[in-house]
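# Summary of the model geometry
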Amino acid sequence: MGDAAVSTFRALVIEKTDAGNIVEFRDLTLADLPDNDTLIDVRYSSLNYKDGLAITGTAPIARRSPMVAGADLVGVVLESAVPDWPAGTPVTVNGWGLSEVHWGGYTQRQRVRSEWLVRVPDAFTLEQAAAIGTAGYTAMLCVLALEEGGVTPESGDVLVTGASGGVGSVAVALLSSLGYRVVAATGSADAQAYLSGLGAAEFIERATLAEKGRPFQAERWAGVVDTVGSTTLANALAQTKYGGTVAACGLAGGNDLPTTVLPFILRGVRLQGVDSVMAPRARREAAWARLARDLDQAKLASITSVEPLSNIFDLAQAILRGETRGRVVIDVNR
Ligand code: NDP
């Protein structure tokens, strides 16, 4: 769909009604799009946990109605009022409230604010940029958080929870390529070969971290990337070595955190929150530059599947049931 003058295009719209949410494909025109400064020929989006929540109505992600779903958007600039973004520039938008308060990427055309754009690094195709998406860029933010906490490959083992998910898979791939010894916590019995292929050296059964544990446990981890939250994060904190850093980005196991101050005041453990949605542009560009340098493209290919937007209803259910693996690229033209 490279033509700027298309008359109609397809978008996945969530609309609140008195009888509940309607989620359906609609034909839109350019006149329907928001009045932002840059028109994008969208090629791909991706499937994130949040997209599953939004489409199934499991959580009130869309805070405006009607809303075009899709937290990620990857495509090519068709026209922009801002000269920094000439037609043809490959771009990605991750977060910034897309699918929440601003129209998102499950559409063939979108108008976005130029300040949200990150140029897709030359190292990546548009499909690869979507494969990375919010989840992969968040994984890189977590790696940066560990590095900034002083965690090096020599510090000891690093734990990744929710390892076979989108964030987890990219985190395992990145950390192992950077020379860390990665221990992967997973509840997917058949994921070990997949995670070994990404570089995981050892595995922990998800359930052992999910059970409520003592507030202070034997020291195991120099660093942690946690996508699960709740008791898993509490146990990870209690097992983190003196001076270690835990990067917390997710809540796949719950948004509570039943912990104590002991890891912080007796071991100097650092709990670093990681947010991708409102991260400033300089931070995003740093993360994408590091992805271009450090993400093994063969590993990225091994965690990626591409699905048509027309399958989105089944995919949204699947990610919430924990049945997807790695990253799912959404081809918005199919
Ligand atoms: P996925 O669904 O792809 O991955 C989550 C993984 O967590 C699953 O694959 C599974 O891995 C594990 N898991 C699922 N359910 C549970 C459970 N009940 N208890 C413990 N583990 C579970 O999601 P994403 O990778 O896209 O996102 C992961 C989390 O990070 C989500 O909570 C998401 O909202 C959050 N997130 C936050 C961002 C931020 O900016 N802070 C950005 C992106 C995501 P396995 O089978 O291997 O155990």
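Numbers given to residues run from 1 along each chain, matching the order in which its sequence is written. Note on the predicted model: pLDDT of at least 70 is required for a residue's local features to be given, and 80 or more for side-chain atom pairs to be given and counted; whole-chain, interface and lining totals, by contrast, use all residues. Calculation of side-chain values draws on the structure's entire complement of heavy atoms; hydrogens and water are dropped beforehand.

### Quick word on the packing of aromatic side chains
The geometry of two aromatic rings is summed up by the distance between their centres and the angle between their planes. For Phe, Tyr and Trp, where Trp contributes only its six-membered ring, two rings pair if their centres lie within 6.5 Å, and the inter-plane angle classes them as stacked under 30 degrees, edge-to-face over 60, or tilted in between. Applying the stated criterion across every chain yields a total of two aromatic pairs. The interplanar angle of 85° and the centroid separation of 6.0 Å between the aromatic rings of phenylalanine 25 and phenylalanine 313 together place this pair among those described as edge-to-face. Note that phenylalanine 25 is positioned in strand 2 (residues 20-28) and phenylalanine 313 in helix 10 (residues 312-320), a separation of 288 residues in sequence. The interplanar angle of 75° and the centroid separation of 6.2 Å between the aromatic rings of phenylalanine 124 and tryptophan 288 together place this pair among those described as edge-to-face. Of the two residues, phenylalanine 124 sits in the loop between strand 8 (118-119) and helix 2 (126-148) while tryptophan 288 sits in helix 8 (residues 281-294), which places them 164 residues apart along the sequence. With a 1.4 Å probe rolled over the protein chains alone, any residue whose accessible area is under 20% of its type maximum counts as buried; one over 50% counts as exposed, and the rest are partly exposed. Take phenylalanine 124: its relative accessible area is 6%, and that puts it in the buried class. On the basis of relative accessibility, which here comes to 1%, the residue tryptophan 288 falls in the buried class. In this structure, arginine 10 packs its charged tip against the face of phenylalanine 25, placed 4.9 Å from the ring centre. Charge-over-ring contacts are defined here by two conditions on Lys NZ or Arg CZ: a distance within 6 Å of the ring centre and an angle within 35 degrees of the ring normal. Over the ring of tyrosine 194 we find arginine 325, and its NZ or CZ is 5.0 Å from the ring centre. Where helices and strands are cited, they refer to DSSP runs of H or I of at least four residues and of E of at least two residues respectively, numbered from the N terminus.

### Some remarks on the domain arrangement of the chain
By a frequent convention, interface size equals the accessible area lost on bringing the separate parts together. Residue ranges assigned to the domains are those given by an automatic or database domain assignment. We note that the domain assignment places domain 1 (9-120 + 303-331) and domain 2 (134-273) within the chain. Using only C-alpha atoms to locate each centre, domain 1 and domain 2 end up separated by 29 Å. Between domain 1 and domain 2, a total of about 920 Å² is buried, with carbon and sulfur atoms accounting for 56% of that surface. The salt bridge definition used is simple: a Lys or Arg side-chain nitrogen within 4 Å of an Asp or Glu carboxyl oxygen. Viewed at the interface, domain 2 and domain 1 are joined by one salt bridge. Across the pair aspartate 190 and arginine 325 runs a salt bridge, and its minimum N-O distance is 3.1 Å. When its residues are assigned to classes, the side of domain 1 that touches domain 2 shows three nonpolar, four polar and three charged. In this description, buried area is defined as the sum, over both parts, of the accessible area (probe of 1.4 Å) that is lost when the two are combined. Side-chain classes follow a simple rule in which Ala, Val, Leu, Ile, Met, Phe, Trp, Tyr, Cys and Pro form the nonpolar group, Asp, Glu, Lys and Arg form the charged group, and the remainder, Gly included, forms the polar group.

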